[in-house]
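Tertiary structure, described
Letter by letter, the chains look like this.
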Amino acid sequence: ELERRRSLFRDEVERLELEFESEGRRVQEGRDRLDQLALDRRTELRRAQGDRAAVAAQVSWQEVQAREEHATEMAQVRQEAALQDYRQGQLERSLSELRALLEDRTAALRGACAARLLEEQQGVAAARRLEAELTRL
């Protein structure tokens, strides 16, 4: 009887040990699943943070590009304005030179006309004197 009880007791202990081991494996599997879920969640959070950072970087890069494009456009506008000013200055200088040339030629032409007029007046006076002398003779 004692032997039978010991045998039953050993069987019960083995059964409890097996049950305890089985329960331990289930607990460990649960922990492993929780660890995996936590890892997945951290990975997902990192990915989301990376996505947010990438979006922020993209927005920032687009702002930089927009600023560079604006700066380039403004530089072109300033360059065109400077070229316009230069051309206007050139035109004003050319116009001034043409005016001076026209004034010089006008003065020369007036002088030539005055000399011609004087010659003609002297010729007319000489012709009148000749005519007067001829009529006297």
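That block above? That's the structure.
Let us look at the structure shown here.

1. Some points on the overall build of the protein
Scanning the protein from N- to C-terminus turns up 1 helix and 0 strands. At 58 Å, the protein has a C-alpha radius of gyration far larger than the 14 Å of a compact globule built from 137 residues. Each principal axis of the C-alpha atoms in the protein carries an extent, and together these give about 200 × 10 × 10 Å. The proportion of buried residues among the 137 residues of the protein is 1%. As displayed, the protein offers around 12900 Å² of accessible surface, 56% of which is attributable to carbon and sulfur atoms. When the 25 basic and 29 acidic side-chain charges of the protein are each reduced to a single mean position, those positions are 3 Å apart.

2. Here we look at the pattern of salt bridges
All chains considered together, the criterion is met by 8 salt bridges. Taking the shortest distance from any N to any O, the salt bridge between R15 and E12 comes out at 2.4 Å. Of the two residues, R15 and E12 both sit in helix α1 (residues 2–136), 3 residues apart, roughly one turn of that helix. Residue class for E12 comes out partly exposed when judged on its relative accessible area of 34%. In this structure, E120 and R116 form a salt bridge, with 3.2 Å as the shortest nitrogen-oxygen distance. Highlighted residues: E120 and R116, both in helix α1, separated by 4 residues, approximately one helical turn.

3. Let's talk about a negative patch on the surface
On the surface, a cluster of negative charge is contributed by D11, E14, E17 and E21. Relative to the helices and strands, E21 resides in helix α1.

4. Section: the environment of Q90
When you line up the elements, Q90 lands in helix α1. Exposure remark for Q90: the relative accessible area of 33% places this residue in the partly exposed category. Along the backbone, Q90 and R46 are 44 residues apart, and their C-alpha atoms lie at a distance of 64 Å.

5. A word on the environment of E119
Within the fold, E119 resides in helix α1. Here E119 falls in the exposed class, since its relative accessible area comes to 52%. In this structure, the C-alpha to C-alpha distance between E119 and R15, residues 104 residues apart in sequence, is 152 Å.

Thresholds, definitions, all that
Residues numbered from 1 in each chain as written. Predicted model: local features only at pLDDT ≥ 70, side-chain atom pairs only at ≥ 80, totals over all residues. Heavy atoms only, no water. Helix = DSSP H or I, 4+ residues; strand = E, 2+ residues; numbered from the N terminus. Rg over C-alpha atoms; globule rule 2.2 N^0.38 Å. Buried < 20%, exposed > 50% of the residue type's maximum accessible area, 1.4 Å probe, protein only. Areas by Shrake-Rupley, 256 points an atom, 1.4 Å probe, with all protein chains shown as cover. Lys, Arg positive; Asp, Glu negative; His and termini not counted. Charge placed at Lys NZ, Arg CZ, Asp CG, Glu CD. Salt bridge = Lys/Arg side-chain N within 4 Å of Asp/Glu carboxyl O. Patch = residues over 30% accessible without salt bridge, like charges linked within 9 Å, V, L, I, M, F, W, Y side chains within 5 Å.

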